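A structural walkthrough
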Amino acid sequence: MNPNNNQTANSNGQQGNRPKPNNRSGNKPGGNGRPNNRGRGPKPAANNAAPAPTVGRSVSRGAALRAQKRNQEDAMRIASQHLDASSKNQKVQRANFIDDTPRLKIVGLGGMDGGGSKNTILVEYMNDAVIMDCGNDLGVDLPGINYGIVDTAYLETIKHKIRAYIITHGHLDHIGGLPHIVPKFPAPIYGSKFTIGRVEEIFQNFGLPMPDGFELKTVMMNEDTHERLKIGSFFVELVRVTHSIPGSTCIVLDSPVGRLINTGDFRFDPNPLDHEKTDMDRLKQLGDEGVLALLSESTTTDRPGWTPSESTIEQTIVDIMDNAPGRIFVGLFSTNMNRVQMIINAAVHHGKKVAIDGRSMVSTLEMAVRHGFVRIPKGTFVPIASASTMNDKDLVVVCTGSQGEPSSALQRMSTGDHRHVKLKEQDTVIFSSSPIPYTGNDAKIRSMVDDFMKKGIHIFQHITRDVDEHGPLHVSGHASIDEYAEMINMTKPKFFVPIYGDYTAKKRHIDVAINNGIPRKNTINADNGEVIAFTKDTMEPGGTVPHGTVLVDQTGAIVSNVVVKDRLMLAEEGLVAVVLTVDKRTGGLATSPDIISRGFIYMRDNEELMNAFRAELRRAVSQRFKRVDLDRFKQEIREHVTHFLFEHTQRSPIVIPVVNVIGGKSGDKNGSNGNSNGHGAKNDKQSEQPVQLTPEQEAEELQKRFQQMRAKLLNQDARTD
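What counts, and at which threshold
Residues numbered from 1 in each chain as written. Predicted model: local features only at pLDDT ≥ 70, side-chain atom pairs only at ≥ 80, totals over all residues. Heavy atoms only, no water. Helix = DSSP H or I, 4+ residues; strand = E, 2+ residues; numbered from the N terminus. Buried < 20%, exposed > 50% of the residue type's maximum accessible area, 1.4 Å probe, protein only. Lys, Arg positive; Asp, Glu negative; His and termini not counted. Salt bridge = Lys/Arg side-chain N within 4 Å of Asp/Glu carboxyl O. Polar contact = N/O pair within 3.5 Å; in protein donor to acceptor, adjacent residues only side chain to side chain. Axes fitted to C-alpha atoms, helices over the stretch in contact; angles between N-to-C directions. Parallel < 35°, antiparallel > 145°, perpendicular 65-115°, else oblique. Left-handed = near helix turned anticlockwise from the far one by under 90°. Contact = heavy atoms within 4.5 Å. Nonpolar A, V, L, I, M, F, W, Y, C, P; charged D, E, K, R; others polar. Expected span 1.5 Å × (residues − 1). Phe/Tyr/Trp six-rings, centres within 6.5 Å; stacked < 30°, edge-to-face > 60°. Pairing = 2+ DSSP bridges. Core = buried A, V, L, I, M, F, W, Y, C linked by side-chain atoms within 4.5 Å. Arc of directions from axis to C-beta.

Some points on the side chain of aspartate 137
Mapped onto the elements of the fold, aspartate 137 is located in the loop between strand S4 (128–134) and strand S5 (147–150). Here aspartate 137 sits buried without a salt bridge, and the closest side chain of opposite charge, lysine 118, lies 4.9 Å off (N-O distance). A polar atom in the side chain of aspartate 137 sits 2.9 Å from the backbone nitrogen of glycine 139.

Following this line, the structure appears as structure tokens:
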């Protein structure tokens, strides 16, 4: 919620800061598609002023409470897209966890419902298990959530079996879950030299401390020598493939039942910049030896032909540098070190200096240089802090932010908030990337381009290359249909399981497999949590295991799904708290009600409604306080306020009644001299030997205590309570 959207009105009508108008038209761009108007009739005017209060009730209390229930159900529906295992699997028939029959079991704990979605695959045989990839999901669009990781409920039941984590490559959707999960289920992490460098990097940069006694264990494997290492009852080998990050590999896992191949993310680039082509000869050899099952990534199975080579970009970069009149800024993925090398080469060719900006890019580049994956001529680099002092024609800045990420280097430049760089006319910005599939980043990138255009910046994007008449600026790191078919034809698997994609992408991949000779009965489109059981001759479903998503905030801490649901309700409808000070003797209000609003309506523009609201509260208190106990009274006030506000505004904010009872004697039914909030907490102060006070002293003491309580309530921040 916007911190400026906090208002408090007391009995004197005092107000806080005026909020920005609430935009409630249509669906939020790039969001969850949740409609803002759920069939309740017309909304208030654009300035958030509520309609004038009506004399009679036109909406029943039941209708108002049902509207609030719909709000809760809507919030739960959105939050439930990312439920953890304890919630998601309450109605799911679980597999028998004590299944030690000699079958090879594969379970996609993540990655079977979308590209880049916490890719994690468990392979289990008898008393041994390995985990292939362990990523996070950066596409979670929920308030205060940074990413999601797989729920480890099933891993808890087999933690004694886990022998290793085997990683295909170093993108976060394949390694981002490791710092959360490996300390809970320790085992060595296997990968290529670059991949292990990335793993060690994310552990070093992880924001939370590791558990006492935890020690990160990694094993670098040489994908060029075809070394095979024994892990429990498995043998593992890595086979080089081309992707958009160095050190990408297939995982070849030999088990007593047969051979599995997990392709990881791949393409067949005939001319990669680092000359590290896919080891197609080894893949063909493995196919000739026999492959039980191919687990093949499915990100771009709707793209025909072959993915162009990375080398097609090089000339475009050179041409732009030839003609750019000012400084050049290139935004790309922080892990695409081959692309960084290409830009460094072009800058050196033009006699320019290079500055690197963006914490993740600097960290990855340092690791790549240290391991020999990037070569930089001496004197090429300059610090980003010196960018403002250099001649415009001499500088190239390589930075993060090509996806419009908040707080990234390129994003801060677009808004003028960058510490060292202030963009100016004649500068050039190159987007050497395309929006990541499934993430909805298009709108963020478009907004950033708008900001650049307003500053008179020259913009080059891959998506507009035909209009702007320049060459390609990006190629995908993923295969196209003919390459997916080629992988199937080389490995010749008996069974085919598409992975790392949504249902539609995997269905298209199955069609490719069938067109290339795989019987339909030997394919399966499995979802997260579904067990696929293999013998040497069969493949069949094996039930389900607990699975789901655990949500993580910016600090790395886990966030409860219940908290997310409350955030969604607050974001949609806001909060209203009513503070009632009730005189025990009379059963009426001792002071005018205090009304606290957070993200609901702007009360200064709704004075008539607020007056009617206070009058309604006075009437409700006088009619009900002496007739029911305090807990029941609070519940009735909550329902009464919900009804009143829905009738007059067609909105159902979260309602929190706070009741402070003064007067009467200690121990009375409704809680003398105490207060109670909407959560049912009471604060009754009693003395074993009460001191007799005069009526004047008692009134003064009660008034003093009430003023202290009231000041605390009105000054607290409802966003953190």
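Some words on the packing of helix H8 (residues 314–323) against helix H9 (residues 337–349)
Across the interface, H8 lies against H9 with an axial gap of 10 Å and an inter-helix angle of 40 degrees. Classified by the angle between their axes, H8 and H9 sit oblique to one another. Our pair here, H8 against H9, has a crossing hand that is right-handed. For the pair H8 and H9, the contacting residues are Glu314, Ile317, Val318 and Met321 in the first and Met342, Ile343, Ala346 and Ala347 in the second. By residue class, the composition of the contact of H8 with H9 is 7 nonpolar, no polar and 1 charged.

Focus on unusual backbone geometry
In this structure, histidine 226 takes a positive phi of about 60 degrees despite not being glycine. Residue placement: histidine 226 occurs in the loop between strand S8 (218–220) and strand S9 (229–231). Despite not being glycine, glutamine 426 shows a phi value in the positive range, around 80 degrees. Within the secondary structure layout, glutamine 426 lies in the loop between helix H11 (409–415) and strand S17 (428–431). Here glutamine 426 falls in the partly exposed class, since its relative accessible area comes to 38%.

Things to note about helix H10 (residues 359–370)
Over its 12 residues, H10 extends 17 Å from the first C-alpha to the last, a length consistent with the 16 Å expected when each residue adds 1.5 Å. Of the positions making up H10, those classed as buried are Met361, Ser363, Thr364, Leu365, Met367 and Ala368. Of the residues trailing H10, glycine 372 is marked for its positive phi of about 85 degrees.

Notes on the packing of aromatic side chains
Counted by the stated rule, this structure contains 9 aromatic pairs. For the ring pair phenylalanine 625 and phenylalanine 633, a centre distance of 5.2 Å and an interplane angle of 85 degrees mean the geometry is edge-to-face. Relative accessible area serves as the criterion here: at 0%, phenylalanine 625 is assigned to the buried category. Classification of phenylalanine 633 as buried rests on a relative accessible area of 0%. Through pairs of rings, three or more aromatic residues link up here, namely Phe266, Phe268, Trp306 and Tyr484.

Here we look at the sheet that holds S8
By definition, the strands of a sheet pair up through backbone hydrogen bonds, in either a parallel or an antiparallel sense. Here 8 strands make up an open sheet; going across it, the order is S8-S7-S6-S4-S3-S2-S20-S21 and the pairing mixed. Of all strands in the sheet, those bounded by a partner on one side alone are S8 and strand S21 (539–544). Taking each pair of neighbouring strands and ignoring which way they run, the sheet shows an average axis angle of 25 degrees. Relative to S4, strand S3 (residues 120–125) runs antiparallel, the two sharing 6 bridges. The residue bridging tyrosine 125 from the neighbouring strand is aspartate 128, located in S4. Sitting on the sheet, helix H6 (residues 193–205) touches strand S7 (189–191) and S8, and the angle it makes with S7 is about 140 degrees.

Some points on the environment of isoleucine 518
Structurally, the position occupied by isoleucine 518 is in the loop between helix H15 (503–515) and strand S20 (530–534). For isoleucine 518, a relative accessible area of 7% translates into the label buried. Sequence separation of isoleucine 518 and asparagine 489 is 29 residues, and the distance between their C-alpha atoms is 9.7 Å. Excluding residues within four positions of it along the chain, isoleucine 518 makes contact with Ile488, Pro493, Phe496, Ala513 and Thr523.

Comments concerning the nonpolar core
Counting residues in hydrophobic clusters, the biggest one holds 32 residues, and the most contacted among them are Leu104, Val123, Ile166, Leu295 and Phe534. If we skip the residues at most four places from it in the chain, isoleucine 166 touches Val130, Ile131, Met132, Asp133, Tyr190, Ile231, Val236, Leu238, Ile251 and Leu253. In terms of nonpolar packing, the next biggest core, distinct from the first, is built from 31 residues, Ile313, Leu332, Val340 and Ile344 among them.

Some points on helix H12 (residues 442–454)
Here H12 contains 13 residues, and its C-alpha end-to-end distance of 19 Å stays within 8% of the 18 Å for a straight helix at 1.5 Å per residue. By the burial criterion, the buried members of H12 are Ile445, Met448, Val449, Asp451 and Phe452. Seen end-on, H12 carries its buried residues on one side only, within an arc spanning 155 degrees. More than 90 degrees from the buried face of H12, the exposed residues found are Arg446 and Lys454. Next to the buried residues of H12 lie H11, S17 and strand S18 (458–461).

Focus on the environment of lysine 507
Among the structural elements, lysine 507 can be located in helix H15. Since its relative accessible area comes to 34%, lysine 507 is described here as partly exposed. Linking lysine 507 and isoleucine 524, residues 17 residues apart in sequence, is a C-alpha distance of 9.0 Å.

A closer look at the pattern of salt bridges
Taken as a whole, this structure holds 26 salt bridges when the rule is applied. A single network of salt bridges, built from pairs that share partners, joins Arg228, Glu237, Asp254, Arg259, Arg282 and Glu289.

Some remarks on the sheet that holds strand S10 (residues 234–240)
In space, the 6 strands of this open sheet follow the order S9-S10-S11-S12-S13-S19, with mixed pairing throughout. On the outer flanks of this sheet lie S9 and strand S19 (493–499), each paired with one strand and no other. Neighbour-to-neighbour, the strand axes of this sheet turn through a mean angle of 25 degrees, independent of strand direction. Strand direction decides the pairing type here: strand S12 (residues 259–262) and strand S13 (residues 291–297), joined by 3 bridges, are parallel. Bridging from a neighbouring strand, asparagine 262 pairs with leucine 295 of S13. Running at roughly 160 degrees to S19, H15 makes contact with S13 and S19 of the sheet.

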